[in-house]
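# Coordinates in review
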Amino acid sequence: MLHEIKAKVFLCLLFTAVATACIGQSCGQSVVPPGVVNGVDVTVSSSGSVSTYSGSFTSCTTTTPPNSVYLGQMGSFSYTMNFSEQVNDIVVFITATGSGLNENFIFTTNSGIPEISVVATCFSVVNGNEILSGENSGIMGGGGEFIISAPSAYTSVTITGSGGENGALLSICSNSVLPAVCLANDQVPSLSAANLSTGCVASTANLSSLIASNIPAGTDLSWHTAVPVSDANRLQNTIVGPGTYYAAFHDAVNNCYGPEKTISVTQPLGEISAGQDLEICQGESIILTGSGGSNYVWSNNIQNGVSFIPSESALYTLNGLDTNNCPHSDELFVIVNPLPTVYAGADVNICPGTQVTLVASGALVYSWEKQIQNGVSFSPLESDDYLVTGIDVNGCQDTDEVNVTVLPQPLALFDPGTEQITELSPNVSLSNSSEGAVSYNWNFGDLSPFSTEHEPGHTYDQPGNFEITLIVTNDFGCTDTAVRVIEITAVPLYYIPNSFTPNGDAHNNVFSPVFNESFVPGDYELFVYNRWGELLFESHDPETGWDGTYANQSVMKGVYTWVMGFRSPENDKFIRKNGSINLIK
């Protein structure tokens, strides 16, 4: 069978320095990737005609184990070995290649195109990074031992070929896969300075000005912007601004870095201060004063240390020289809060004695002059202006003024007259002497209708005490009140004389009670007795009195007793009275 006539492909991965040792020994055990070799994890990926060969083969004095990698049996192939750590060189054994024609094996690494050196060969030719092997080799095929040297250490190697001569076998040497040794070792750069300063005028510094005193052979000093250091963060231009940078030794052959050294690039110490941000009220003046340096220049044409009134909120920038005579700047923000619009209220007109309540608006807290409390009623004695100050949540204040006018007050004054008023003549004529009034309102105190006349008259229909009230109003609607109490005296219902002279002279000849106009005749009686109780006279008519006779004879002069009875016109009760009458002749 074709497989049985193929020799093995044996691959030995070594450092350059030990490649000869690998050649002069059996390379230990043959290992078929993937696997862990000398602590290095070897993984593989492939495409095309790549499989395994179940048996073992011996070619070029080396035996491949069972299940070796079988390349190119059915055509072209690509086979990549990846290493978990960097390695330097590869020693390749190729056997059981084509017999009639050459098979080709093209090598590439992830650090560049490698150089191929021949250690031993069997019908093989090296052409750059390509090995052509097996032409005219007979049934055992060709092969050989080759060193693959890349420009620097690498972590992957790829073998490609066109295949077609039934392929070849491949394995790796267990003694060959060793991590590459970085020439940078564990050296931390020892630099001529710990940090750099950009200077006052220039904003950059040159990292190349720092010299390392302990550079390992085969390395150079590189600068980086981050850790861990790598090709991706290596600086190509060492002129930099303020910041943090990292120096490390670089082994270009093995493309590795040693531990880093941290360097800070700073501007010279020293600064100026514009001060704290400010918050003011509109119209308030402020003074901006820089500190920490000299030669201050403010934006917005502001003079250092000179009072001014900001018109609006703004950012102010201060430029100056610090204590190192280096330029610096700082800024502050000034907030200009608008003033509140305080409103004391509309002007007020009041009548004397009227309470008024002043309530301001437009702010948060209010303070009135003249001991007035916001929202609390008071009674002004005279016209005046009242000033209020309102303060808002920002502490800004505004003022407003309101006028309270105390209007003129009329004077209510009247006289009900001084003459006696009785129920017989209960008419009242009122004399009005009020001042400043244009309208009048009279209340007579007897539940009669009010009067609006200037000087009304009034008639009372019964005796008693009555309160007459006059309310006068002027053009401003202000009023005044005057009150007088009058007495309508009651006239007795009857009058009985205490003597009479029945002598025929036409005067006082008859004894009879005299009743007033309120007397209503009815149930009336009058009796006259002598001292012995003998009835001398009787009458049931108030118009008929005793003429001093008895039985048509004149009686003697002297004192006689009378008894009178009548019904009251007020409560309809029967009233009985008695007394004496002196008859004179």
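This write-up is about the structure you can find in this document. Being a predicted model, the structure only gives us computed values, none of them experimental. (Residues numbered from 1 in each chain as written. Predicted model: local features only at pLDDT ≥ 70, side-chain atom pairs only at ≥ 80, totals over all residues. Heavy atoms only, no water.)

## Some remarks on the overall build of the protein chain
- For the protein chain, the helix and strand inventory stands at 1 helix and 48 strands.
- Whereas a compact globule of 585 residues would reach a radius of gyration of roughly 25 Å, the protein chain reaches 70 Å, over 25% beyond that.
- Considered along the principal axes of its C-alpha atoms, the protein chain spans approximately 210 × 70 × 35 Å.
- Looking at the protein chain as a whole, 40% of its 585 residues are labelled buried.
- For the protein chain, restricting intrachain contacts to residue pairs at least 6 apart in sequence, the fraction spanning at least 24 positions comes to 63%.
- By element, 50% of the accessible surface of the protein chain is carried by carbon and sulfur atoms, the whole surface being about 30200 Å².
- Within the protein chain, one finds 13 positive and 55 negative side-chain charges whose respective centroids are separated by 26 Å. (Helix = DSSP H or I, 4+ residues; strand = E, 2+ residues; numbered from the N terminus. Rg over C-alpha atoms; globule rule 2.2 N^0.38 Å. Buried < 20%, exposed > 50% of the residue type's maximum accessible area, 1.4 Å probe, protein only. Contact = heavy atoms within 4.5 Å. Areas by Shrake-Rupley, 256 points an atom, 1.4 Å probe, with all protein chains shown as cover. Lys, Arg positive; Asp, Glu negative; His and termini not counted. Charge placed at Lys NZ, Arg CZ, Asp CG, Glu CD.)

## Topic: the state of the cysteines
- Tallied over the entire structure, the rule returns 3 disulfides.
- Paired through a disulfide, Cys281 and Cys396 show a sulfur-sulfur distance of 2.0 Å. Here the S-S torsion is close to -95°, and the disulfide linking Cys281 with Cys396 is therefore left-handed. You can see Cys281 sitting in strand β23 (residues 278-281) and its partner Cys396 sitting in the loop between β31 (384-391) and β32 (397-406), a full 115 residues away along the chain. (Disulfide = S-S within 2.5 Å.)

## Considering the packing of aromatic side chains
- This model, assessed by the stated rule, comprises 10 aromatic pairs.
- Between the aromatic rings of Tyr53 and Tyr70, the centroid separation amounts to 5.7 Å while the plane-to-plane angle is 80°, which identifies the pairing as edge-to-face. Residue Tyr53 is located in strand β5 (residues 50-53), and its partner Tyr70 is located in strand β8 (residues 68-71); the two are separated by 17 residues in the primary sequence. Across the pair, Tyr70 and Tyr53 agree in class, each one buried.
- Seen from their ring centres, Trp546 and Tyr560 are 5.3 Å apart, and the 75° between their planes marks the pair as edge-to-face. Placement of Trp546 in the loop between β44 (535-539) and β45 (549-550) and of Tyr560 in strand β47 (residues 558-567) is noted, with a sequence separation of 14 residues between them.
- A connected cluster of aromatic rings, assembled from ring pairs, spans Phe500, Phe511, Trp546, Tyr560 and Trp562. (Phe/Tyr/Trp six-rings, centres within 6.5 Å; stacked < 30°, edge-to-face > 60°.)

## Some words on the environment of Gly163
- Looking at where Gly163 falls in the secondary structure, it is placed in the loop between β14 (143-161) and β15 (168-173).
- Linking Gly163 and Glu279, residues 116 residues apart in sequence, is a C-alpha distance of 84 Å.

## Brief notes about the pairing of strand β36 (residues 439-443)
- Where burial is concerned, the two faces of β36 differ: the one with Tyr440 and Trp442 is buried and the one with Ser439, Asn441 and Asn443 is not.
- Bridge analysis of β36 against strand β38 (residues 464-473) gives 5 bridges, and the strand direction is antiparallel. Bridge pairing in β38 places Asn443 opposite Thr469. (Pairing = 2+ DSSP bridges.)

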